[in-house]
Amino acid sequence: MNKKIAFIGSGNMGSALIRAASRALNPQQIYITDYDLAKASSLARETGCQTAATNADAAGLGDFIFLCVKPQIIGDVLHEISPYLNRQCETGKEKVLISIAAGLTIETLRQKLDGACRRLPFVRIMPNTPAAIGKGMLAMAFGPEVSEDILADLELVLFRAGRIERLSETMMDAFTTVSGCVPAFAYLFIEALADGAVLTGLSRHQALTYAAQAVLGAAAMVLETGRHPGELKDAVCSPKGSTIAGVSALERNGFRSAAIEAITDAYQKNTELGKIG
Ligand SMILES: NC(=O)C1=CN([C@@H]2O[C@H](COP(=O)(O)OP(=O)(O)OC[C@H]3O[C@@H](n4cnc5c(N)ncnc54)[C@H](OP(=O)(O)O)[C@@H]3O)[C@@H](O)[C@H]2O)C=CC1
Ligand SMILES: O=C(O)[C@@H]1CCC=N1
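Everything numeric in this text was worked out from a predicted model, so none of it was measured.

### As for the overall build of the protein
Of the regular secondary structure elements, the protein holds eleven helices and eight strands. If one aligns the C-alpha atoms of the protein with their principal axes, the spans along those axes are about 75 × 35 × 30 Å. Relative to all contacts within the protein whose residues are 6 or more apart in sequence, the contacts with residues 24 or more apart total 71%.

### Quick look at the site of ligand 1
If you check the shell around ligand 1, you find 26 residues, and the closest are G9, G11, M13, Y35 and A102. Listed by contribution, the elements that provide at least two residues to the shell around ligand 1 are α1 (12–24) and α4 (71–90). Each residue belonging to the shell around ligand 1 can be placed in one class, and the counts come to 13 nonpolar, nine polar and four charged.

### A closer look at the packing of helix α7 (residues 172–199) against helix α11 (residues 255–273)
With their axes 9 Å apart at the nearest point, α7 and α11 run at an angle of 120° to one another. Judged by the inter-axis angle, α7 sits oblique to α11. Pair α7 / α11 crosses with right-handed handedness. Contacts from D173, A174, T176, T177, V178, C181 and F185 of α7 reach α11 at A262, I263, A266, Y267, N270 and T271.

### Overview of the UniProt feature "domain: Pyrroline-5-carboxylate reductase dimerisation" (unreviewed entry) in the protein
With numbering matched to this structure, UniProt assigns "domain: Pyrroline-5-carboxylate reductase dimerisation" (unreviewed entry) to residues 169–273. Between the first and last C-alpha atoms of residues 169–273 the distance is 15 Å; the span itself is 82% helix and 0% strand.

### A look at the UniProt feature "domain: Pyrroline-5-carboxylate reductase catalytic N-terminal" (unreviewed entry) in the protein
UniProt tags residues 4–103 as "domain: Pyrroline-5-carboxylate reductase catalytic N-terminal" (unreviewed entry). Along residues 4–103 the backbone is 51% helical and 18% strand, and the end-to-end C-alpha distance reaches 27 Å.

### Structural notes on the site of ligand 2
The environment of ligand 2 is made up of A102, T176, G180 and C181. Classifying every residue of the shell around ligand 2 by side-chain character gives two nonpolar, two polar and no charged.

### With respect to the confidence of the model for the protein
When the pLDDT values of the protein are averaged, the result is 97; 100% of them are 70 or greater. The complex model carries a pTM of 0.96, and its ipTM stands at 0.99.

### Considerations on the sheet that holds strand β6 (residues 122–126)
Here eight strands make up an open sheet; going across it, the order is β3-β2-β1-β4-β5-β6-β7-β8 and the pairing mixed. A single partner strand is all that each edge strand has here, and the edge strands are β3 (50–51) and β8 (162–166). Of the pairings in the sheet, the one linking strand β1 (residues 5–8) to strand β2 (residues 30–33) comprises four bridges and is parallel in character. Its bridge partner being in β2, I5 is matched across the sheet by I30.

Quick notes on the rules
Residues numbered from 1 in each chain as written. Chains lettered and ligands numbered in written order. Predicted model: local features only at pLDDT ≥ 70, side-chain atom pairs only at ≥ 80, totals over all residues. Helix = DSSP H or I, 4+ residues; strand = E, 2+ residues; numbered from the N terminus. Contact = placed C-beta atoms within 7 Å. Near = placed C-beta within 6 Å. Nonpolar A, V, L, I, M, F, W, Y, C, P; charged D, E, K, R; others polar. Axes fitted to C-alpha atoms, helices over the stretch in contact; angles between N-to-C directions. Parallel < 35°, antiparallel > 145°, perpendicular 65-115°, else oblique. Left-handed = near helix turned anticlockwise from the far one by under 90°. UniProt positions renumbered as here; feature names shortened; annotations may be inferred. pLDDT = per-residue confidence, 0-100. Pairing = 2+ DSSP bridges.

Written out as structure tokens, the structure is:
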């Protein structure tokens, strides 16, 4: 795959995808830019990618243009790069736009483009930050104008980010919640478990390592054995044992309902982000 890839925005999520893409391709195929150019330059030095001086340059250079800015800003960026995309459209150059913004539909984003570039193929992807180390979960939604060749190339750019699934756009807000947001909830859980372990005498480093490895192992058991988490939980809980005492404490404190409401509140917010367009 010899296409050029541009990333506009190299913040938390953009930088995770840039790291993944730079492992999948020759990093010299990748152009990074950001409002804060020092941030882009530092990441370019680390990954071997190139920098683009402006969003317009990135739009001109990239065959695939990843838009990795906040949902509140992406409309301005699309408006800003439209003239440069239109110039390329006149020469018959086929570019692909890719948004990672939570909530915003492809149709809403397309309306932010001015001129002929409004017809360009547009893909909406939803990654999560573990993509930085190849442990991400990522979904792609797209319309009929996006060819199988484009999707195959996009998967080549992203395969080092982690697991990739194609999803109907109607499911993207639900996916964003249970995949994009969940790492933050899991970090909270791991941090709290480690706090408890520090209370029982372990060092902070030991506590974090052991708690994170236990959560990692439990997640892998769910994915790799296909067994229901309730069944896996029962296999840890001995009658009158310590684990069931801990499970009881979690239930007493509303752990399950807190987790369910974390998902439903975050989902609600994702749908609201979609209305800012
Ligand atoms: N964080 C996450 O886990 C996930 C985020 N997303 C989506 O990713 C997108 C980016 O989020 P996130 O990475 O967290 O945000 P960040 O703020 O970390 O990154 C956005 C970057 O874009 C830069 N920027 C701001 N304005 C412009 C502009 N006009 N042109 C070029 N660059 C600009 C920012 O610079 P500066 O800081 O100087 O303003 C910042 O470096 C959002 O749309 C979000 O919905 C999706 C999945 C997961
Ligand atoms: O919090 C946010 O808005 C983004 C969406 C998914 C993860 N972070």
